[in-house]
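Residue-level structure breakdown
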Amino acid sequence: MELILKSNNEDSLAKIIALAKKLNVVIEKKNADLNKKARTNLKNRILNFKAEESSSFGDAMDWQRDERSDRELPFS
């Protein structure tokens, strides 16, 4: 079972950790919180992504025409 606890109160977390240790409960601490600047930078990198090369897949419409040349496509 996994239990996730979040708190800004370091004293409360310390008490919970101490109790968990007494009860032989494994504790994994993950710092997934990004500060505001890091979060903004990451968001901007994702939103402003530009590929350096064109897609290797080519044009989907051309592929459809080539693959299905034996039948009429509804959008041709």
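Not measured: the values here are computed from a predicted model.

Tallying secondary structure elements over the protein gives 3 helices and 0 strands in all. The order of α-helices and β-strands along the protein, N terminus first, is α-α-α. Over its C-alpha trace the protein gives a radius of gyration of 26 Å, far above what one expects of a compact globule, namely 11 Å for 76 residues. Each principal axis of the C-alpha atoms in the protein carries an extent, and together these give about 70 × 35 × 20 Å. Counting across all 76 residues of the protein, residues that qualify as buried make up 4%. Roughly 8,300 Å² of accessible area belongs to the protein as shown, and the carbon and sulfur atoms make up 52% of that amount. The protein carries 15 positive and 13 negative side-chain charges, and their two centres are separated by 15 Å.

Glancing now at the pattern of salt bridges. By the definition in use, this model includes 2 salt bridges. Among the salt bridges present, the one from Asp11 reaches Lys15, with a minimum N-O distance of 3.6 Å. Here the residue Asp11 and the residue Lys15 both occupy positions in helix α1 (residues 10-22), the gap between them amounting to 4 residues, near one helical turn. Looking at Asp11, the relative accessible area reads 47%, which means it is partly exposed. Taking the shortest distance from any N to any O, the salt bridge between Arg65 and Asp62 comes out at 3.5 Å. With Arg65 and Asp62 both in helix α3 (residues 60-67) and 3 residues apart, the pair spans about one turn of that helix.

The next subject is the confidence of the model for the protein. The share of residues in the protein with pLDDT of 70 or more is 92%, and the mean pLDDT across the chain is 83. When pLDDT is averaged over each element of the protein, α1 comes out on top at 92 and α3 at the bottom at 83.

Moving on to α1. Look at α1: 18 Å from first C-alpha to last across 13 residues, which is about the 18 Å you get at 1.5 Å a residue. Measuring from the side-chain oxygen of the N-cap residue of α1 to the backbone nitrogen of Asp11 gives 3.0 Å; that N-cap residue is Asn9. Phi for Asn24, located one or two positions after α1, is positive at around 60°.

Turning next to helix α2 (residues 36-47). Because each turn of an α-helix spans 3.6 residues, side chains separated by three or four positions end up pointing in the same direction. When the terminal C-alpha atoms of α2 are compared, their 16 Å separation across 12 residues agrees well with the 16 Å that a helix rising 1.5 Å per residue should span. In terms of burial, α2 is a largely surface element, 0 of the 12 residues being buried.

About the criteria used
Residues numbered from 1 in each chain as written. Predicted model: local features only at pLDDT ≥ 70, side-chain atom pairs only at ≥ 80, totals over all residues. Heavy atoms only, no water. Helix = DSSP H or I, 4+ residues; strand = E, 2+ residues; numbered from the N terminus. Rg over C-alpha atoms; globule rule 2.2 N^0.38 Å. Buried < 20%, exposed > 50% of the residue type's maximum accessible area, 1.4 Å probe, protein only. Areas by Shrake-Rupley, 256 points an atom, 1.4 Å probe, with all protein chains shown as cover. Lys, Arg positive; Asp, Glu negative; His and termini not counted. Charge placed at Lys NZ, Arg CZ, Asp CG, Glu CD. Salt bridge = Lys/Arg side-chain N within 4 Å of Asp/Glu carboxyl O. pLDDT = per-residue confidence, 0-100. Expected span 1.5 Å × (residues − 1). Polar contact = N/O pair within 3.5 Å; in protein donor to acceptor, adjacent residues only side chain to side chain.

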